[in-house]
Amino acid sequence: MEIQQCARREKTTVEEWVRRVLREARQQKPSSDPQAKLEALRRCVQFLFPTGDLEQMNREIERGYQA
């Protein structure tokens, strides 16, 4: 009943309304598997890349915004 009302409000059929809602829900879902993202992150943290002092990096970022 509620779905029919939603479709009527949008002046469309229930079938088209359902297809549209499902399409939108599918587009909002992350495109890649969360486990794959976690595995990539685990591989990355194994490396020791050079970093700077956090406060210095923040100052440099702020300077970039002001330039």
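Everything numeric in this text was worked out from a predicted model, so none of it was measured.

Visitor: What should I look at first to understand the overall build of the protein chain in this one?
Guide: Looking only at helices and strands, the protein chain features four helices and zero strands. From first element to last, N terminus to C terminus, the protein chain shows the α and β order α-α-α-α. Taking 2.2 N^0.38 as the reference for a compact globule, 67 residues should give roughly 11 Å; the C-alpha atoms of the protein chain span a radius of gyration of 24 Å, well beyond that estimate. The buried share of the protein chain, reckoned over its 67 residues, is 4%. Carbon and sulfur atoms make up 56% of the accessible area of the protein chain, which amounts to about 6,600 Å² in all. Computing the positive centroid from 13 side-chain charges and the negative centroid from 11, the protein chain places the two 7 Å apart.

Visitor: Please clarify how the environment of Gln4 should be interpreted in this entry.
Guide: Here Gln4 lies in helix H1 (residues 2–9). For Gln4, a relative accessible area of 38% gives the class partly exposed. Separated by 14 residues in the primary sequence, Gln4 and Val18 place their C-alpha atoms 9.8 Å from one another.

Visitor: Looking at this structure, I do not really get the pattern of salt bridges. What am I missing?
Guide: A side chain of one charge can pair with a side chain of the opposite charge if their charged atoms are brought near each other. The final tally for this structure, using the stated rule, is four salt bridges. One salt bridge in this structure joins Arg20 and Glu24, with 2.9 Å as the shortest N-O distance. Of this pair, Arg20 and Glu24 both sit in helix H2 (residues 14–28), separated by four residues, roughly a single helical turn. Residue class for Glu24 comes out partly exposed when judged on its relative accessible area of 35%. One connected set of salt bridges, linked through shared partners, spans Glu10, Arg20 and Glu24.

Visitor: I keep staring at unusual backbone geometry and nothing clicks. Help me out?
Guide: What you tend to see is this: most non-glycine residues have negative phi, and most peptide bonds are trans. Here the phi dihedral of Lys11 falls at roughly 55°; this positive angle occurs in a residue that is not glycine. Within the element layout of this structure, Lys11 appears in the loop between H1 and H2.

Visitor: Whenever I open this one, the packing of H1 against H2 confuses me. Can you help?
Guide: Packed helix pairs are characterised by how far apart their axes lie and by the angle those axes make with each other. Relative orientation of the contacting elements H1 and H2 amounts to 95°, with a least axis distance of 9 Å. The angle between H1 and H2 falls in the class roughly perpendicular. Of the residues in H2, those touching H1 at Ile3, Gln4, Cys6 and Ala7 are Val14, Trp17 and Val18. Class assignment for the residues of the contact of H1 with H2 results in six nonpolar, one polar and no charged.

Rules of the game
Here the residue index of a chain counts from 1 through its sequence in written order. Local features in this predicted model are restricted to residues of pLDDT 70 or higher, and side-chain atom pairs are both shown and tallied only at a pLDDT of 80 or more, whereas totals for entire chains, interfaces and linings draw on every residue. Water and hydrogen atoms were dropped before computing side-chain values, which therefore reflect all heavy atoms in the structure. Under the scheme used here, helices are H or I runs from DSSP no shorter than 4 residues and strands are E runs no shorter than 2 residues, and both carry numbers assigned from the N terminus. Both definitions apply: the radius of gyration is a C-alpha atom measure, and the globule rule equals 2.2 Å times residues to the power 0.38. Three exposure classes are used, based on accessible area relative to the maximum for each residue type with a 1.4 Å probe and protein chains only: buried under 20%, partly exposed in between, and exposed over 50%. Areas reported here follow the Shrake-Rupley algorithm with a probe of radius 1.4 Å; residue values treat only the protein chains shown as occluding. Under this rule, positive means Lys or Arg and negative means Asp or Glu; His and the chain ends count for nothing. To locate a charge, take atom NZ for lysine, CZ for arginine, CG for aspartate or CD for glutamate. The salt bridge definition used is simple: a Lys or Arg side-chain nitrogen within 4 Å of an Asp or Glu carboxyl oxygen. All axes here are fitted lines through C-alpha atoms, helices being fitted over the stretch that makes contact, and every angle between N-to-C directions spans 0 to 180 degrees. Angles below 35 degrees are treated as roughly parallel, those above 145 as roughly antiparallel, those between 65 and 115 as roughly perpendicular, and all remaining angles as oblique. Here a residue-residue contact requires only that any non-hydrogen atoms of the pair lie within 4.5 Å. Polarity classes work like this: nonpolar for Ala, Val, Leu, Ile, Met, Phe, Trp, Tyr, Cys and Pro, charged for Asp, Glu, Lys and Arg, and polar for all others, with Gly in that last group.

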